[in-house]
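The lines below spell out each chain.
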Amino acid sequence: MTKILQISDTHIVPHGDLAYDKVDTAAALSETVATINRLRAQAGPIDLVIVTGDLTEHGSDAEYGRFLEIMADLELPFRAVPGNHDRRGPMRSAFETTGWMSRQGDVNWQTDFEDFAVVGLDSLEEGQAYGTLAPDTLAWLSGQLVELNGKPVIIALHHPPFATGIQAMDAQNLRNANELEDALAGYSGEIRLICGHVHRSIAGLFAGRFCQICQGTSHAVTLDQRSDAGNSLTVEPGGMMLHEWRGGRFLSHLIPVGSFPGPYPFLGVR
Ligand SMILES: [Fe+2]
Ligand SMILES: [Fe+2]
């Protein structure tokens, strides 16, 4: 049974810094890694961890170095797509020996498991907060879908293709969502889209397909849907998503980061 874990928006900053002077994102990523390693005993084999963008705050070599330092404790393989806070050059340098990182161009990749394939798409528009899927990326995606020929597929990208009502974030979501919709049209198999960027668990349909935005590992974009709301963060609990193929469908489980009391048996309950 194929299972993948999604984490998102780790926003790692250099040693000694807090993100936005408020959030210890490195400590949160360490806790996330520990949570994943503990989860393996209960969830069974997990094929891959995917980081859906904003691995770092500024896309610097030092930040990618710290990200890799923390992820070295992860007992599972991982892949990533860039977010608007990442930079392709330093990201490529940091991950060049991984085998999945493209040597040039956009950071797109595909990996195939027993029950479903996973496609990572690069939506980074360098220097901008909003996202775009480049023509080459869209053409590559179309080619992958032809090859997959109806096999279930998870498509991971940083920028959500729909608005969430948090207007400061909606202004920086995926600009050419209509072209993504065109690329997905007519695919005969199941597609699940997974995104980040909003740092909140939000699910909705896009192009008739289920699309899940994953919360961040350390902090949330504030859920403020007033028209005059500024862009702000709230230090809500971190989380991740476990996506699995079960009973002929995708299931997505929200899992909080951290360790909690239990498990306690339901005594006296049959
Ligand atoms: Fe982010
Ligand atoms: Fe982002």
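What counts, and where the lines are drawn
- Residues numbered from 1 in each chain as written.
- Chains lettered and ligands numbered in written order.
- Predicted model: local features only at pLDDT ≥ 70, side-chain atom pairs only at ≥ 80, totals over all residues.
- Heavy atoms only, no water.
- UniProt positions renumbered as here; feature names shortened; annotations may be inferred.
- Phe/Tyr/Trp six-rings, centres within 6.5 Å; stacked < 30°, edge-to-face > 60°.
- Buried < 20%, exposed > 50% of the residue type's maximum accessible area, 1.4 Å probe, protein only.
- Helix = DSSP H or I, 4+ residues; strand = E, 2+ residues; numbered from the N terminus.
- Lys NZ or Arg CZ within 6 Å of the ring centre and 35° of its normal.
- Donors = N, O, S within 2.8 Å, 3.2 Å for Na, K, Ca; no water.
- Tetrahedral: all angles 85-135°; square planar, octahedral: opposite > 155°, others 65-115°.

The name that an unreviewed UniProt entry assigns to the protein is Phosphodiesterase, with the source organism given as Roseibium aggregatum. According to the UniProt record, the Sequence similarities (unreviewed entry) comment for the protein is "Belongs to the cyclic nucleotide phosphodiesterase class-III family."

> Can you help me understand the packing of aromatic side chains in this one?
The description of an aromatic ring pair uses the distance of the two centres, along with the angle that the planes make with each other. Scanning the model with the defined rule gives eight aromatic pairs in all. Judged by centre distance (5.5 Å) and plane angle (40 degrees), the rings of Phe 95 and Trp 100 are tilted. Using a relative accessible area of 0% as the deciding quantity, one classes Phe 95 as buried. Overall, Trp 100 belongs to the buried group, its relative accessible area being 8%. Where Phe 116 meets Phe 250, the ring centres are 5.1 Å apart and the plane angle is 65 degrees; that geometry is what we call edge-to-face. Of this pair, Phe 116 sits in the loop between strand S4 (109-112) and strand S5 (117-120) while Phe 250 sits in strand S13 (residues 249-256), and the two are 134 residues apart along the sequence. One residue, Arg 175, lies across the ring of Tyr 130, its end atom 3.8 Å from the ring centre.

> Whenever I open this one, the coordination of the iron ion (ligand 1) confuses me. Can you help?
When a metal carries six donors in an octahedron, the ideal angles between them are 90 or 180 degrees, while four donors in a tetrahedron ideally lie at 109.5 degrees. Around the iron ion (ligand 1), the protein contributes the donor atoms Asp 9 (OD), His 11 (NE2), Asp 54 (OD) and His 199 (NE2), which lie 2.0 to 2.3 Å from the metal centre. For the iron ion (ligand 1), the four donor atoms are set out with angles of 88 to 176 degrees between them, so the coordination reads as irregular. Ordering the donors of the iron ion (ligand 1) by residue number gives the pattern D-x1-H-x42-D-x144-H. The metal-metal distance between the iron ion (ligand 1) and the iron ion (ligand 2) is 3.5 Å, with Asp 54 serving as a donor to both. The burial state of Asp 9 is the same as that of His 11; both residues are buried.

> Looking at this model, I keep getting lost on the coordination of the iron ion (ligand 2). Mind explaining?
Within the protein, the atoms that donate to the iron ion (ligand 2) are Asp 54 (OD), Asn 84 (OD1), His 158 (NE2) and His 197 (ND1), at distances of 2.2 Å. In this structure, the iron ion (ligand 2) is surrounded by four donor atoms whose angles at the metal cover 88 to 162 degrees, and the resulting shape is irregular. Taken in chain order, the donor set of the iron ion (ligand 2) reads D-x29-N-x73-H-x38-H. When its relative accessible area of 0% is taken as the criterion, His 158 is described as buried.

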